[in-house]
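Listed here are the chains, written in short residue letters.
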Amino acid sequence: MNRTEENCLIYDKEWNCCHIIEDLSDPRAVTQREEEIFVTTEISKCIEVYSNQFQKLKTIPVNHTACGITSLGEKLCVTSPHKILEINTCNTGMIKIHTVNTKAHLQIIYKK
């Protein structure tokens, strides 16, 4: 993923630009779960959800600055300054907000 003034560029594993999302100009982090791609943006305080064909499906408001993101089962975990947010994408939205003693601008790394 790369930021440009008006577009989000998607790259494949060989670093070839394979897709451009024109309505997503400031992506921060991305994760994929099955057929859905979840993208945090720096400005909007939400998660943009796309199909694996890059069609926009929905927007999930989180009401916090969203930085890093990862998928854990049916939940998403999102870092925000001084918080880690647990979000249920199926129906209920926010599950828990965990306050941390340091800034949580870091990416969440999770291995199965």
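My aim in this report is to walk through the structure given alongside it, one point at a time. (Residues numbered from 1 in each chain as written. Predicted model: local features only at pLDDT ≥ 70, side-chain atom pairs only at ≥ 80, totals over all residues. Heavy atoms only, no water.)

## What to know about the overall build of the chain
Line of reasoning, step 1. Counting secondary structure elements, the chain contains zero helices and eleven strands.
Line of reasoning, step 2. Listed N to C, the secondary structure of the chain is β-β-β-β-β-β-β-β-β-β-β in terms of helices and strands.
Line of reasoning, step 3. For the chain, long-range pairs separated by at least 24 residues make up 30% of all intrachain contacts whose partners lie at least 6 apart in sequence.
Line of reasoning, step 4. As presented, the chain carries roughly 7,100 Å² of accessible surface, and 49% of it is formed by carbon and sulfur atoms. (Helix = DSSP H or I, 4+ residues; strand = E, 2+ residues; numbered from the N terminus. Contact = heavy atoms within 4.5 Å. Areas by Shrake-Rupley, 256 points an atom, 1.4 Å probe, with all protein chains shown as cover.)

## Some details on the nonpolar core
Line of reasoning, step 1. By size, the foremost hydrophobic cluster in this structure holds twelve residues: A29, F38, I47, V49, I60, V62, A66, I69, L76, V78, L85 and I87.
Line of reasoning, step 2. Among the elements of the structure, strand 6 (46–51), strand 9 (75–80) and strand 10 (83–88) are those that each provide at least two residues to this core.
Line of reasoning, step 3. Ignoring anything within four residues of it in the chain, the contact list for L76 reads T31, R33, F38, I47, I69, T70, S71, L85, E86, I87 and T89. (Core = buried A, V, L, I, M, F, W, Y, C linked by side-chain atoms within 4.5 Å. Buried < 20%, exposed > 50% of the residue type's maximum accessible area, 1.4 Å probe, protein only.)

## Notes on the pattern of salt bridges
Line of reasoning, step 1. Using the criterion set out here, one finds three salt bridges in the structure.
Line of reasoning, step 2. R33 is paired through a salt bridge with E36; the nearest N and O atoms lie 4.0 Å apart.
Line of reasoning, step 3. Among the residues examined, R33 registers a relative accessible area of 13% and is labelled buried.
Line of reasoning, step 4. Here E36 falls in the partly exposed class, since its relative accessible area comes to 22%.
Line of reasoning, step 5. In this structure, the salt-bridge partner of E48 is K56, at a minimum N-O distance of 2.9 Å.
Line of reasoning, step 6. Classification of K56 as partly exposed rests on a relative accessible area of 42%. (Salt bridge = Lys/Arg side-chain N within 4 Å of Asp/Glu carboxyl O.)

## Examining the pairing of strand 5 (residues 36–41)
Line of reasoning, step 1. For strand 5, a buried count of five out of six residues is recorded, marking the element as mostly surrounded by other parts of the structure.
Line of reasoning, step 2. With six bridges joining them, strand 4 (residues 27–33) and strand 5 adopt antiparallel strand pairing. The residue of strand 5 that forms the bridge with R33 is E36.
Line of reasoning, step 3. Joining the antiparallel neighbours strand 4 and strand 5 is a turn of two residues, in which E34 adopts a positive phi near 50°.
Line of reasoning, step 4. As judged from the five bridges shared by strand 5 and strand 6, these two strands associate in the antiparallel manner. Bridge pairing links E36 to S51 in strand 6.
Line of reasoning, step 5. Where strand 5 hands over to strand 6, the hairpin turn is made up of four residues, of which K45 adopts a positive phi near 55°. (Pairing = 2+ DSSP bridges.)

## Regarding the side chain of T79
Line of reasoning, step 1. By the secondary structure assignment, T79 is in strand 9.
Line of reasoning, step 2. Note on T79: relative accessible area 4%, which makes it buried.
Line of reasoning, step 3. Reaching out from T79, the side chain makes a polar contact with the backbone nitrogen of G68 at a distance of 2.7 Å. (Polar contact = N/O pair within 3.5 Å; in protein donor to acceptor, adjacent residues only side chain to side chain.)

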